[in-house]
Amino acid sequence: MSAIELDPTVVGPVPATRRWRGVPGLRGTGVAGHLSALVLAIAGVVAVFGQWLAPHDPDLTNLSYAFVGPIEGHPLGFDSQGRDLLSRILAGARSSLLGPTAVVTLAMIVGTFLAVATAWKGGRFDRWVSAGLDVLFAFPAIVLAIIVSVIVEPSLMSATIALSIAYTPYIARVLRSAALRERARDYIAALEVQGLRAWIICVRHLGRNLLPLIVAQGAVLFGYAMVDLAAISFLGLGVRPPQADWGVMVSTGQSGVLQGYPLESLSAGVCIIAVVIAVNILGERLTERANSVTR
Amino acid sequence: MLKFVVRRLMMLVVTLFVASFAIYSAMYLAPGNPIAALLGGRTPTPEAIAVLEERYHLNDPFIVRYLRWVGGALRGDFGVSIQLRQEVSTLISQRIGTTVQLVLYASLIIVVVGVALGIVGGLRKGVLDNVVIVATTVSAAVPSFVASIILLSVFAVNLGWFPALGTGEGFVDQLRHLTLPAVALAFSSIALVARITRSAVREELSREHVQTAVSRGIPYRTVVRRHVMRNAAIPITTVVGITVASLFAASAVVERAFSLNGIGAYLIQAALSKDIAVVQGISLVIVAIFVVVNAIVDFLYAVLDPRVSLGASAA
């Protein structure tokens, strides 16, 4: 008897080959999908517990250690203010990941609502909302973030709101066409004939069938949001120094780069790249899976 | 075809007007008192305030001020920067050249490298294709500002092949100064173009008419050139166009990283110092470029794919 047969994750009809098919929820995403999910899980843990995992105080400055390279107990060395870089990377994970999470959540909620509502109602409502979203499309995310930063004091919050507005039309457009396809299916008509209220059909049936696509789009969007938010913080219009944040660290490390001490910018940049690669691969695999199911 | 063009142009004009209104009214909400900015700490007499309000039309109703602004913008006049006491259009025209050069240079890199990688990946299954997939997966994840920092660190500081900052004098020197920024700006877009090109080539290769052509003994190169690439050009043109349109906004980040004197870096500087008129003007210019380039892409799409205009007139 092999250990695989005891695996409680194998449920339902016994497959022809008794291979372990992957973590539930990640099935069909392959090795790359599982590795990406692992990277994201680690990043998530660091984002939540990073402050306590940090070996030193991330905000403690000690100018006599400025730009000192890796030494014992400080595997990444120090930044221009003599702060421990590893601790700042760990502490900076929080805002670097919290921002994109908030952007994706906000844009997904509003975008999904608009998509389902326009696909359901159709007619004039659909035309007006779609026209409004088309205008919003004309604003690149960065420009929108810059405009918002003039109206309110720049912060992670203002950047998050700006990006959520910028991404909503994109989500709404992708999901609207999927919702339209789903709306034309027979089961929706059957439910309508049964006299179910529209919003119940939308939430319980239409929404549930769109869920794989919503999740996949969310993953793709997370990558964009992470890059754009970090760019906004890099420009000084999002998270502000001295707070530890990956985008801010790439920016504050730039003076070090020109003096030949690139470690602060590079280590923060590598963290951003690693998370974005993981989320892109996962998003791609989930999209493939969502499309193969709905077709 | 004509009907399609007219409809698209009308959409363009409406979008621009709504966008200009959104930009103007958003900036109207911005905190800060232009009179205080003009006086810079001096205590004014009520008469002086009245004169300033008159000169900068601060007492007019919102809608009148908007119409004056948008009317001026149509003639290329974006008002006056209250902080610098200079025409915004002058400030923009001094800087837009750098941005245009940077975007064109980056576009060239994106088209050449992206399409080439995509064609290689699409035509050669196996090792080369896998190399293309891995390379594009990584480069798609590199934000332009991280690419800037890495390029600065390696090629400017350590190897010293390229200058680190600034714009340079004369054509060759400017090209040298803009090379690293252009590569940084192009980096992640190359992946997008390569991916789309690859899948377009793959799709066309599997078409029946292509397989027929191959089986009839027409040389492979000819088949690729005449049948595969001609049809694959449609999605490639679209993705390149959309990418180039977005570069004008994205270049702000790279300009800032390399201390280039373009409109993007200036927009950020103006936003940080709350120079409202400049933010309004440059935002409108960037949005206008974005919308116009997208419209051009749609026209090109209709030219390359005659089915589009048929579909539009039937609707």
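Residues numbered from 1 in each chain as written. Chains lettered and ligands numbered in written order. Predicted model: local features only at pLDDT ≥ 70, side-chain atom pairs only at ≥ 80, totals over all residues.

Comments concerning the overall build of chain A
For step 1, the next point in the chain: What chain A contains, in helices and strands, is ten helices and zero strands.
For step 2, the next point in the chain: Listing every helix and strand of chain A by position from the N terminus yields α-α-α-α-α-α-α-α-α-α.
For step 3, the next point in the chain: Seen along its three principal axes, the alpha-carbon backbone of chain A occupies a region of about 75 × 65 × 25 Å.
For step 4, the next point in the chain: Burial analysis of chain A (295 residues in total) assigns 47% to the buried set.
For step 5, the next point in the chain: Taking contacts inside chain A between residues at least 6 apart in sequence as the whole, the part at least 24 apart equals 66%. (Helix = DSSP H or I, 4+ residues; strand = E, 2+ residues; numbered from the N terminus. Buried ≥ 20, exposed ≤ 12 C-beta atoms within 10 Å, placed from the backbone. Contact = placed C-beta atoms within 7 Å.)

Topic: the overall build of chain B
For step 1, the next point in the chain: Counting its regular elements, chain B contains 13 helices and two strands.
For step 2, the next point in the chain: In terms of its C-alpha atoms, chain B occupies a principal-axis envelope of roughly 90 × 60 × 30 Å.
For step 3, the next point in the chain: Across the 315 residues of chain B, 38% fall into the buried class.
For step 4, the next point in the chain: Once local pairs closer than 6 in sequence are excluded, the contacts in chain B between residues at least 24 apart make up 74%.

Considering the packing of helix α2 (residues 85–121) of chain A against helix α3 (residues 123–137) of chain A
For step 1, the next point in the chain: Packing of α2 of chain A against α3 of chain A brings their axes to within 7 Å, and their N-to-C directions diverge by 145°. Across from Leu114, Thr118 and Lys121 of chain A in α2 of chain A, the residues of α3 of chain A making contact are Gly123, Phe125, Asp126, Val129 and Ser130 of chain A. (Axes fitted to C-alpha atoms, helices over the stretch in contact; angles between N-to-C directions.)

Remarks on the interface of chain B and chain A
For step 1, the next point in the chain: Counting residues at the interface gives 40 residues for chain B and 34 residues for chain A.
For step 2, the next point in the chain: Looking at side-chain class alone, the side of chain B that touches chain A contains 33 nonpolar, five polar and two charged residues. (Nonpolar A, V, L, I, M, F, W, Y, C, P; charged D, E, K, R; others polar.)

Observations concerning the packing of helix α4 (residues 141–151) of chain A against helix α5 (residues 156–183) of chain A
All names here are of chain A.
For step 1, the next point in the chain: α5 packs onto α4 with a crossing angle of 140° between their chain directions and a minimal axis gap of 9 Å. Relative to α5, the element α4 is oriented oblique. In terms of crossing hand, the pair formed by α4 and α5 is right-handed. Of the residues in α5, those touching α4 at Ala141, Leu144, Ala145, Val148 and Ser149 are Ser158, Ala159, Ile161, Ala162, Leu163, Ile165 and Ala166.
For step 2, the next point in the chain: Across the contact of α4 with α5, the residue classes tally to ten nonpolar, two polar and no charged. (Parallel < 35°, antiparallel > 145°, perpendicular 65-115°, else oblique. Left-handed = near helix turned anticlockwise from the far one by under 90°.)

Section: the domain arrangement of chain B
For step 1, the next point in the chain: Segmentation of chain B into domains returns domain 1 (2–74) and domain 2 (97–261).
For step 2, the next point in the chain: Placing the centre of domain 1 of chain B and that of domain 2 of chain B at their C-alpha centroids yields a distance of 39 Å. (Domains from an automatic or database assignment.)

Focus: α5 of chain A
For step 1, the next point in the chain: Compared with the 40 Å implied by 1.5 Å per residue over 28 residues, the 38 Å span of α5 of chain A between its first and last C-alpha is a close match.
For step 2, the next point in the chain: Of all bends in α5 of chain A, the biggest is about 30°, found at Tyr167 of chain A, and the proline Pro169 of chain A comes one to four residues later. (Expected span 1.5 Å × (residues − 1). Bend = angle between axes of the 7 residues up to and from the residue.)

A short note on the confidence of the model for chain B
Residue and element names in this part refer to chain B.
For step 1, the next point in the chain: Mean pLDDT over chain B: 85, with 94% of residues reaching 70 or higher.
For step 2, the next point in the chain: Mean pLDDT across the elements of chain B ranges from a minimum in helix α13 (residues 307–314), with 51, to a maximum in helix α5 (residues 88–123), with 92.
For step 3, the next point in the chain: Counted against residues more than four places away or in other chains, residues 311–315, with its pLDDT under 50, gives five contacts.
For step 4, the next point in the chain: In the model output, the complex is listed with pTM 0.85 alongside ipTM 0.84. (pLDDT = per-residue confidence, 0-100.)

Things to note about the environment of Ala245 of chain B
Residue and element names in this part refer to chain B.
For step 1, the next point in the chain: Summarising the element assignment, Ala245 is placed in helix α10 (residues 220–257).
For step 2, the next point in the chain: Residue Ala245 is classed as buried on the basis of its C-beta count, with 22 C-beta atoms lying within 10 Å.
For step 3, the next point in the chain: Between the C-alpha atoms of Ala245 and Thr90, which are 155 residues apart in sequence, the distance is 23 Å.
For step 4, the next point in the chain: Filtering out sequence-adjacent residues up to four positions away, Ala245 remains in contact with Phe290, Val293 and Asn294.

Some words on the environment of Phe145 of chain B
For step 1, the next point in the chain: Relative to the helices and strands, Phe145 of chain B resides in helix α7 (residues 144–158).
For step 2, the next point in the chain: Once the C-alpha coordinates of Phe145 of chain B and Ala249 of chain B are considered, the two residues, 104 residues apart in sequence, prove to be 13 Å apart.
For step 3, the next point in the chain: The residues contacting Phe145 of chain B, other than those within four sequence positions of it, are Ala231, Phe234 and Val250 of chain A together with Val253 and Ala257 of chain B.

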